[in-house]
Amino acid sequence: MCGIVGIVGNQPVAGRLVDALKRLEYRGYDSAGVATIVDGALARRRAEGKLFNLEKRLAEEPLAGTIGIAHTRWATHGAPTEGNAHPHFVDGVAVVHNGIIENFSELKDELIADGATFSTQTDTEVVAQLLAKYRRDGLGRREAMHAMLRRVTGAYALAVIFADDPSTIMAARSGPPLAIGHGHGEMFLGSDAIALAPFTNEISYLVDGDWAILGRDGAHIFDMDGNRVERPKQVSSAAAYLIDKGNHRHFMEKEIHEQPEAISHALGHYVDFLEHAVRPVAGGIDFAKVPSLAISACGTAYLAGLVGKYWFERYARLPVEIDVASEFRYREIPLNPESAALFISQSGETADTLASLRYCKEHGLKIGAVVNTRESSIARESDAVFPILAGPEIGVASTKAFTCQLTVLAALAIGAGKARGTLTAADEKALVRHLAEMPRVMAGVLNTIQPSIEQLARDLSKCKDVLYLGRGTSYPLAMEGALKLKEISYIHAEGYAAGELKHGPIALIDENMPVIVIAPHDRFFEKTVSNMQEVAARGGRIIFITDAKGAAASKLETMATIVLPDVDEVIAPMIYSLPIQLLAYHTAVFMGTDVDQPRNLAKSVTVE
Ligand code: G6P
């Protein structure tokens with residue numbers, strides 16, 4: 001899940017390549033590099049760590065050239081050193097790669113036996129070595145590219161330049177996304193349309209198995225058999241997105257505060273506020289007829305799916321099979337072809353989620369995509385697309401995408417309940433009225449809880465371990481709270497079903513490990529309070545996130561109680577997301593971590 005870009009231009013490209021990389025930094029930030037062709041020879045600058053290190057290198061030692069490729073890395077094979085940073089050079093061939101070449105070890109042995117000397121530990125170098133070998137064997141550039149693509153297996157988005165051809169970039173896609181941007185006398189290549197937004201909004205997407213030759217006047221695209229194929233030009237809306245922090249310290253903070261507005265957009269798409277009804281969903285899935293639903297996703301999107309399971313089962317009486325995509329794809333789940341499957345993904349490019357989608361498609365299920373990026377692979381391969389309309393999310397830890405995913409899943413579950421006759425028109429009206437309250441309630445919470453959260457975050461930043469507990473839809477939320485905290489503050493945290501406390505985690509309870517209990521005053525409240533008693537009886541310190549009724553009903557002493565407005569169960573997961581996001585955010589700020597780009601993580605995970 002690295003980011004790649006390329007420009008075959010008519011003015012110097014190094015600066016523009018780095019600008020484009022900045023828009024791809026969410027894909028990885030272990031190292032970065034740029035290569036151009038200067039006077040018939042390859043030239044490059046690379047640097048370990050984040051992009052500003054590469055910018056510094058370029059300021060010290062500028063790079064000329066009107067054609068170039070560049071890369072921001074999330075290390076898979078080989079440490080994130082400058083030596084392993086892309087572009088990789090072998091005998092006049094330069095390569096950048098996003099993905100994993102799965103047969104690299106076998107190819108490497110073969111190339112070494114043939115006399116090649118490898119200078120990196122990366123899987124990518126075999127691509128450059130193979131191309132160089134085919135050139136030495138006398139193949140032309142295009143033939144060498146085609147021959148290389150027939151040898152490598154795995155996932156890749158590739159961009160290649162040859163020192164002896166300063167007017168062509170070659171590209172290939174198998175798995176990770178790749179977009180071609182059409183300019184005037186210049187052509188562009190990038191892992192997504194947002195990277196290319198400053199240059200052009202005319203985009204063609206390569207599909208799996210495509211490879212392409214880009215010249216200054218256009219692109220020729222081929223399939224794996226070498227036949228020409230056409231990929232339509234689309235006008236991308238990516239340029240409309242303003243990607244800056246406004247007056248916030250971090251993108252994450254900005255995105256947390258954008259939630260009332262983002263959710264309004266999502267709601268406007270799915271809900272008719274006048275009629276208090278959900279709008280009919282896009283064709284492709286008939287929720288009235290499906291016997292069951294499969295849901296699969298990764299990370300935070302999976303936890304949104306888990307909340308969705310509760311809703312589909314409760315409101316639509318629709319059984320849901322759910323698993324993280326990395327397990328789902330290999331579990332050989334017996335699937336009913338009459339069923340439908342939903343795949344939830346902010347980026348729409350997560351490799352495991354896409355593979356699970358394809359597995360379900362092969363088994364004849366109707367496919368729905370709950371995505372933020374409508375032009376993504378997951379959206380393109382689905383029968384029905386349910387956009388979450390969150391706008392670009394830059395912070396690696398997902399916040400507004402999560403609550404927008406929840407909003408869309410709630411609307412879909414209510415719509416399914418209506419279609420299946422398990423919700424009456426009055427039920428639908430009442431639920432939709434609650435959904436419509438969300439932006440206002442969220443804005444109120446964001447305006448009021450900051451001081452108590454900051455105070456608490458100061459205490460949490462001194463802890464080594466934190467336990468989150470919840471029941472019902474608060475259980476996936478407990479897991480999301482723990483995930484957020486560990487992602488950005490690096491504090492070890494676990495989320496548990498409150499009822500499971502006594503089956504293990506209770507052994508950990510002492511005065512050093514805060515237990516954060518998410519418990520709105522809902523039908524599970526009394527049970528959760530009993531679990532809190534068990535924590536209190538063992539000297540555990542409780543942070544209680546509840547509503548006014550809950551705070552009044554519990555007589556337990558807590559380390560802190562965060563009181564949220566009384567809300568209906570259907571919107572509680574979205575409202576209770578705010579304190580857990582803010583708690584993780586402020587704890588990380590106190591600890592001085594890199595909130596938007598936490599260590600070792602990446603936002604778009606296009607490798608298995
Ligand atoms: C990464 C991100 C998470 C995200 C997950 C799934 O791990 O850091 O924030 O939830 O991928 O990504 P997706 O784009 O499929 O929602």
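Residues numbered from 1 in each chain as written. Predicted model: local features only at pLDDT ≥ 70, side-chain atom pairs only at ≥ 80, totals over all residues. Heavy atoms only, no water.

## Examining the domain arrangement of the chain
Just so we agree on the cut-off: Residue ranges labeled as domains rest on an automatic or database domain assignment. What makes two residues a contact is simply this: any of their non-hydrogen atoms within 4.5 Å. Accessible-area loss on putting two parts together, using a 1.4 Å probe and summing over both, is the definition of buried area adopted here. We count a salt bridge whenever a side-chain nitrogen from Lys or Arg sits within 4 Å of a carboxyl oxygen from Asp or Glu.
When cut into domains, the chain gives domain 1 (3-245), domain 2 (254-441) and domain 3 (449-591). The gap between the C-alpha centroids of domain 1 and domain 2 is 34 Å. If you look at the interface, domain 1 gives 16 residues, while domain 2 gives 10 residues. Taking both sides of the interface into account, the surface hidden between domain 1 and domain 2 amounts to around 1,000 Å²; carbon and sulfur atoms contribute 55%. In this structure, the connection of domain 1 to domain 2 is made through one salt bridge. Between D208 and R358 there is a salt bridge, and its shortest N-O distance comes to 2.9 Å.

## A closer look at helix α14 (residues 425-448)
Short version of the rule: Going along the chain from the N terminus, every DSSP run of H or I of four or more residues is numbered as a helix, and every run of E of two or more is numbered as a strand. Helix span is expected to be 1.5 Å times the residue number reduced by one. Bending is quantified residue by residue as the angle between axes fitted to the seven-residue window ending at that residue and the seven-residue window starting at it. Accessibility here uses a 1.4 Å probe with only protein chains present; expressed as a share of the type maximum, an area under 20% marks a residue as buried, one over 50% as exposed, and anything in between as partly exposed.
With 24 residues, α14 should cover 34 Å at 1.5 Å per step; its first-to-last C-alpha distance of 35 Å lies within 8% of that length. Of all the bends found along α14, the most pronounced is centred on M438 and spans about 40°, while P439, a proline, follows it within four residues. Among all positions in α14, only E428, L431, V432, L435, M438, P439, V441, M442, V445 and L446 are buried.

## Quick notes on the sheet that holds strand β21 (residues 366-371)
Note the cut-off: Any two strands are treated as partners once DSSP identifies two or more bridges connecting them. All axes are obtained by fitting lines to C-alpha atoms, using only the stretch in contact for helices, and the reported angles, taken between N-to-C directions, cover 0 to 180 degrees.
Spatial strand order, β19-β18-β20-β21-β22: five strands in an open sheet with parallel pairing. At either end of the open sheet lies a strand with only one pairing partner, and these are β19 (320-324) and β22 (384-387). Here the average twist between neighbouring strands, direction ignored, is 20°. The pairing of strand β20 (residues 340-345) with β21 spans six bridges and is parallel.

## Description of the site of the ligand
Stated formally: Each residue is tested against the molecule or strand, and it is near if at least one of its non-hydrogen atoms lies within 4 Å. Here a polar contact is recorded for every N or O atom pair within 3.5 Å, except that within protein the pair must consist of a potential hydrogen donor and a potential acceptor, and residues adjacent in sequence are included only if both atoms are side-chain atoms. The method behind every accessible area is Shrake-Rupley, applied with a 1.4 Å probe, and residues are considered shielded solely by the protein chains displayed. Residue polarity follows a fixed list, in which Ala, Val, Leu, Ile, Met, Phe, Trp, Tyr, Cys and Pro are nonpolar, Asp, Glu, Lys and Arg are charged, and the others, Gly among them, are polar.
With respect to spatial proximity, 14 residues lie near the ligand, and among them T300, S345, Q346, S347 and T350 are the closest. Within the backbone of T300, an N or O atom sits 3.0 Å from an oxygen atom of the ligand. In the model, an oxygen atom of the ligand is placed 2.5 Å from a nitrogen or oxygen of the S345 side chain. Coverage of the ligand by the protein amounts to 90% of the 390 Å² it exposes when considered alone. Residue contributions to the shell around the ligand peak at three residues, all from helix α9 (residues 299-315). Within the shell around the ligand, the residues separate by chemical class into five nonpolar, seven polar and two charged.

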